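# Per-entry structural report
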Amino acid sequence: MRLSPILELSAALLSILLAFFFRSSNIFFKLPANLSFQVPVNLTSDYGRIIHGAPAAVLRPSSPVDISLLLKSIYSSPLYDEVTVAARGAGHSTHGQALAPGGFVVDMRSLPLSITIVDGDGTSYVDAAGGALWIDVLNETLRHGLSPRSWTDYLYLTVGGTLSVGGISGQTFKQGPQISNVVEMDVVTGKGEIVECSERENSDLFHGVLGGLGQLGIITRARIKLRPAPPMVAWIRVKHHDFEQFTRHGELVVNAGEVDYLEGFIKFGDAPHSHQPEDAFSRFGAERCVKPRQPTAYYLLEMAIYYDDDDVSDAARKRAKVLARVSSMTSVEILEVSYLDFLNRVREEELSLRRVGLWNVPHPWMNLFVPRSQIRSFHDLLLRTMSDSCINGPILVWNLNTSIVVPQDEAGEDVFYVVGVLRAAPPTCTVGTSCLDRLMQQNERMIRMATARGSSQDGGGMGAKQYMPYLEGEEEWREHFGPKWKRFEELKAKFDPLNVLAPGQRIFKRKKLRKASDEAGEL
């Protein structure tokens, strides 16, 4: 939720004071020349438009050396003891994770956005700048008949951004998350060191940065595995009226491994009858208010089979097998589209929402990993909690296997469901209004009950985990990571000992230089 008015005023005053201080102190302590104290308004919030906080300055780096110089200056001088730094790519976070109130924001899109194909050991890779958009990576690799293996649904995100949180989509059950397809990176640590890391070299940094929420370093280059790019996709949607049948069919398809992509959606109201992509295959539906009442709920299992001109018959056989498993007493819709159009499917919906003023609105999103044994309970909790609210945006529910790693799994389950409640608030439902507060309170209630351990009343105690969580401080993060917290804390102390990086995650409090030095001396 939003910073209090007093805190906002304090942050604004701090930004002014810091700007004056940095301009004068730069005579003695070198800061990059392309550090600007003219901060555009778009850097004061993110896609969520729920958390706001202005930085004192923005760095528009011309190379990773500029980022290194900035962080080394902060790390080496007590004059910058209050300063934090956030890397910002597309700014698509929803709870202020890319913000640095009163600190510095690094505009990753200002870096040279190089995208280069690399061949080695019989495998092709792409070297992509951390600030490059995935849509640009896709377009460049397609020119060579290649493609990354794992994607996010929306491609206008940066490489470094999605790799910092994991990067999941409907390919994850088969190809792993995006972080499982990276073999090498260049990273600027919190101490300003430029480090090349991989499985074999600086492996602790490599594994810590991937999915590390920006806490250990800023990704400036990633080497990503490629595969031959299929030209065509059979895009299939199967409608279900029964949730148990919907989840059972999804698990059958994942286990059979015949499709290349699988996601699922909860929908409400009358099912669309048009076979056009913008209607039948739309996921947002933000043009109208739909309330999630059980009698109107139905479920769409969305699948894709990739193919080219040489294996049309094989793709047809796969499609027939899949439909034989999941189409009993259900309706089926199929589109044949290009691989590019399928992967970039959310773009047209984005443009449509922009045209009607429903893109740049608050987005009270919620993302969870829910254990398989609890997905029915969560489904019921969701419908019960949101029964009187408008649903403007998709509700995703789809299953993963063990290729995704969650912070802690005390129940020992190896199958989780991704649940994404991706709501867009109406344009009048802004920060400080009761309607947005109500949506946020609904999310908080569902998260609290879903992430509880053990039994609790009213359907809680599910042992779920938040994905891209918004937590209040170190204690909540400690609970989130469980036994993995100690290792995470050790890596933070090694690569960002002053806790300079990614303050918007609200994990670690900024340390002063002298205090950190004293703590290091005690170890």
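Coordinates for the structure precede this section.
## A closer look at the environment of lysine 511
In this fold, lysine 511 is placed in the loop between helix H15 (485-495) and helix H16 (513-522). For lysine 511, a relative accessible area of 24% translates into the label partly exposed. As a C-alpha pair, lysine 511 and aspartate 81 span 430 residues in sequence and 7.2 Å in three-dimensional space.

## Let's talk about the sheet that holds strand S3 (residues 85-88)
If you walk across this open sheet you meet the 4 strands as S1-S2-S4-S3, and the pairing is mixed. Looking at strand neighbours, the two that pair on one side only are strand S1 (35-36) and S3, the edges of this open sheet. Bridge count for S3 against strand S4 (residues 104-107) is 4 bridges, and the pairing is parallel. Bridge pairing in S4 links alanine 86 to valine 105. In this fold helix H2 (residues 64-76) packs onto S1, strand S2 (57-59), S3 and S4, with an angle of close to 165 degrees to the strand it touches most, S4.

## Things to note about the nonpolar core
Formed by 105 residues in total, the largest nonpolar core has its most connected members in Met185, Met303 and Phe378. Counting residues per element, this core draws most heavily on strand S13 (residues 297-307), which supplies 10 residues. In this view, methionine 303 contacts Ala234, Trp235, Ile236, Val238, Val253, Val259, Tyr261, Leu262, Val322 and Val326; residues no more than four positions away in its chain are not counted. Membership of the second largest hydrophobic core comes to 22 residues, among which are Ile67, Val106, Val188 and Leu498.

## A word on the state of the cysteines
Applying the stated rule across the entire model yields 1 disulfide. Disulfide pairing places cysteine 429 opposite cysteine 435 at an S-S distance of 2.2 Å. Classification of cysteine 435 as partly exposed rests on a relative accessible area of 31%.

## A word on the side chain of glutamine 178
Structurally, the position occupied by glutamine 178 is in the loop between helix H5 (172-175) and strand S8 (182-189). Look at glutamine 178 and you get buried, because its relative accessible area is 2%. Those residues in contact with glutamine 178 that lie beyond four places of it in its chain are Trp134, Ser150, Trp151, Thr152, Thr162, Leu163, Gly166 and Gly167.

## Remarks on the side chain of serine 389
Structurally, the position occupied by serine 389 is in the loop between helix H12 (375-385) and strand S16 (395-400). A relative accessible area of 2% means that serine 389 is categorised as buried. At a separation of 3.3 Å, a polar atom in the side chain of serine 389 contacts the side chain of arginine 438. Within the structure, the side chain of serine 389 is placed 2.6 Å from the side chain of glutamine 442, a separation counted as a polar contact.

## Details of the packing of helix H7 (residues 243-256) against helix H9 (residues 312-326)
Closest axis-to-axis distance for the H7/H9 pair is 9 Å, and the angle between their directions is 150 degrees. With respect to each other, H7 and H9 are oriented roughly antiparallel. As H7 packs across H9, the resulting crossing turns out to be right-handed. Here H7 contributes His249, Val253 and Ala256 to the contact with H9, which in turn contributes Val322, Arg325 and Val326. Across the contact of H7 with H9, the residue classes tally to 4 nonpolar, 1 polar and 1 charged.

## Quick word on the sheet that holds S16
Spatial strand order, S14-S11-S13-S12-S16-S17-S15-S18: 8 strands in an open sheet with antiparallel pairing. Each edge of the sheet is formed by a strand with only one pairing partner; in this case those strands are strand S14 (331-338) and strand S18 (465-466). Sheet topology note: the strand S15 (residues 366-371)/S18 ladder contains 2 bridges and is antiparallel. Note that in S18 the partner of phenylalanine 369 across the bridge is lysine 465.

## Details of unusual backbone geometry
Its identity as a non-glycine residue notwithstanding, arginine 49 has a phi of 50 degrees, on the positive side. When you line up the elements, arginine 49 lands in the loop between S1 and S2. A relative accessible area of 30% places arginine 49 in the partly exposed class. Although it is not a glycine, arginine 506 adopts a positive phi angle of roughly 60 degrees.

Conventions we followed
- Within each chain, residues carry numbers counting from 1 in the order of the written sequence.
- The predicted nature of this model means local features are confined to residues of pLDDT at least 70 and side-chain atom pairs, given and counted, to a pLDDT of 80 or more, with totals for whole chains, interfaces and linings taken over all residues.
- Calculated side-chain values reflect all of the structure's heavy atoms, with hydrogen atoms and water omitted.
- Secondary structure follows DSSP: runs of H or I at least 4 residues long count as helices, runs of E at least 2 residues long count as strands, and numbering of each begins at the N terminus.
- With a 1.4 Å probe rolled over the protein chains alone, any residue whose accessible area is under 20% of its type maximum counts as buried; one over 50% counts as exposed, and the rest are partly exposed.
- A pair of strands counts as paired when DSSP detects no fewer than two bridges linking them.
- Two residues form a contact once any of their heavy atoms are found within 4.5 Å.
- Note on geometry: axes are lines fitted to C-alpha atoms, helical ones only across the stretch in contact, with angles between N-to-C directions running from 0 to 180 degrees.
- Buried residues of nine kinds, namely Ala, Val, Leu, Ile, Met, Phe, Trp, Tyr and Cys, make up a nonpolar core once their side-chain atoms join them within 4.5 Å.
- Sulfur atoms of two cysteines make up a disulfide when they are within 2.5 Å.
- Within 3.5 Å is the distance limit for a polar contact, defined as a pair of N or O atoms, with the added protein rule that one can donate a hydrogen and the other accept it, and that residues adjacent in sequence qualify only through two side-chain atoms.
- For classification purposes, angles smaller than 35 degrees are called roughly parallel, those larger than 145 roughly antiparallel, those between 65 and 115 roughly perpendicular, and all remaining angles oblique.
- Crossings are sorted by hand: turned counterclockwise from the far helix by less than a right angle, the near helix makes the crossing left-handed, and turned clockwise it makes it right-handed.
- Asp, Glu, Lys and Arg are counted as charged, while Ala, Val, Leu, Ile, Met, Phe, Trp, Tyr, Cys and Pro are counted as nonpolar; the rest, among them Gly, fall into the polar class.

Don't take any of this as a statement about function, it's just geometry.
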